[in-house]
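Okay, here's what each chain looks like letter by letter:
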Amino acid sequence: MPEGRFEELVSDALDQIPAELSSAIDNVVVLVEPRNDEEPSLLGLYHGIALTERDSYYAGSLPDTITIYREAILDICNTDDEVLEEVAITVIHEIAHHFGIDDDRLHELGWG
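Here is a short report on the structure shown in this document. Just so it is clear, the model here is predicted, and its values are computed rather than measured. Along every chain, residues carry numbers that run from 1 in the direction the sequence is written. Two thresholds apply to this predicted model, a pLDDT of at least 70 for residue-level local features and 80 or more for giving and counting side-chain atom pairs, whereas whole-chain, interface and lining totals are computed over all residues. The side-chain figures draw on all heavy atoms in the structure; neither hydrogens nor water molecules are used.

This part covers the layout of surface pockets. For cavity detection a 1 Å grid was placed over the protein atoms alone, and a set of points counts as a cavity when a 1.4 Å probe fits there but cannot get out; an open set counts as a pocket when protein lies on both sides within 12 Å along at least five of seven lines, with lining residues being those that have an atom within 4 Å of a point. Grid points are joined across faces, edges and corners, and a volume is the space filled by probe spheres set on the points. When its volume is computed, the largest pocket comes out at roughly 220 Å³. If you trace the largest pocket, you find it lined by Ile17, Pro18, Leu21, Ile92, Ile95, Ala96, Phe99, Ile101, Leu106, Leu109 and Trp111. Mapped by element, the contributors of at least two residues to the lining of the largest pocket are α4 (80–98) and α5 (103–109). A per-class count over the lining of the largest pocket returns 11 nonpolar, no polar and no charged. For the second largest pocket, the calculated volume is near 160 Å³. Around the second largest pocket sit 11 residues that line it, and Leu43, Gly44, Thr90, His93 and Glu94 are the ones nearest its centre. A helix here means a DSSP run of H or I that spans at least four residues, while a strand means a run of E at least two residues long, and both kinds are numbered starting from the N terminus. For the lining of the second largest pocket, the element with the most residues is α4, which contributes 6 residues. Gly falls in the polar group here, along with every residue not listed as nonpolar (Ala, Val, Leu, Ile, Met, Phe, Trp, Tyr, Cys, Pro) or charged (Asp, Glu, Lys, Arg).

Shown next as structure tokens:
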């Protein structure tokens, strides 16, 4: 899958987030990278301070980042439909971390 098409899928997944949630996302940038060097099979990564953990010291901080790893997702998918579904799951999973939801809870909810 071409890089540009993959980036469109990430953008589409972000557009699917309900308005009441997307309006609460604060100071986050979403990036697409080929692969995580330290953990090559990682599909996505949230790096930052979750909304539930922020206090007055957060003011003026650099944006949190959500990185979606294109090659890792493509490695586990066989069809474009599978890529579409995995991108959506990964984006939602990482956005959930921004809202303070941990991996255990995400697995319970079926977004692991």
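To continue, consider the sheet that holds strand β3 (residues 64–69). Being paired, for any two strands, means DSSP has found at least two bridges between them. An order of β1-β3-β2 is seen for the 3 strands of this open sheet, with the pairing classed as mixed. Among the strands making up the open sheet, the edge pair consists of β1 (28–33) and β2 (44–47). Averaged over all neighbouring strand pairs, the angle between strand axes comes to 15 degrees, with direction disregarded. Only the contacting stretch of a helix is used when fitting its axis, a line to C-alpha atoms as for every element, and angles between N-to-C directions run 0 to 180 degrees.

Moving on, we come to unusual backbone geometry. We note that asparagine 27 has phi near 60 degrees; this positive angle belongs to a residue other than glycine. Note on classification: 1.4 Å probe, protein chains only; a residue is buried when its accessible area is under 20% of the maximum for its type, exposed when over 50%, partly exposed between these limits. Look at asparagine 27 and you get partly exposed, because its relative accessible area is 27%.

Attention now moves to helix α1 (residues 3–15). The first and last C-alpha atoms of α1 sit 18 Å apart over 13 residues, in line with the 18 Å expected at 1.5 Å per residue. Residues of α1 that are buried include every one of Phe6, Leu9, Val10 and Ala13, and no others. Looking down the long axis of α1, one finds its buried residues gathered within 100 degrees of arc, a one-sided arrangement. Throughout, a residue-residue contact means that at least one pair of heavy atoms, one from each residue, lies within 4.5 Å. Packing partners of the buried residues in α1 comprise β1, β3, α3 (70–76) and α4. Residue count minus one, scaled by 1.5 Å, sets the expected span of a helix. Read the arc as the range of directions from the helix axis to the C-beta atoms.

Here the focus is a nonpolar patch on the surface. Like-charged residues are merged into a patch within 9 Å and nonpolar side chains (Val, Leu, Ile, Met, Phe, Trp, Tyr) within 5 Å, provided each residue has over 30% relative accessible area and no salt bridge. Using a 1.4 Å probe, accessible areas were evaluated by the Shrake-Rupley method; residue-level cover was limited to the displayed protein chains. Here a salt bridge means any side-chain nitrogen of Lys or Arg lying within 4 Å of a carboxyl oxygen belonging to Asp or Glu. A contiguous nonpolar surface patch, about 230 Å² in accessible area, is contributed by Ile92, Leu109 and Trp111. With respect to the helices, strands and loops of the structure, tryptophan 111 is situated in the segment after α5.

The subject of this paragraph is the environment of threonine 79. Counting through the fold element by element, threonine 79 comes out in the loop between α3 and α4. Given the relative accessible area of 38%, threonine 79 is considered partly exposed. Polar contacts, as counted here, are pairs of nitrogen or oxygen atoms within 3.5 Å of one another; within protein the pair requires one atom able to donate a hydrogen and one able to accept it, and residues that are adjacent in sequence qualify only if both atoms are side-chain atoms. Within polar-contact distance, the side chain of threonine 79 engages the backbone nitrogen of glutamate 82 at 3.1 Å.

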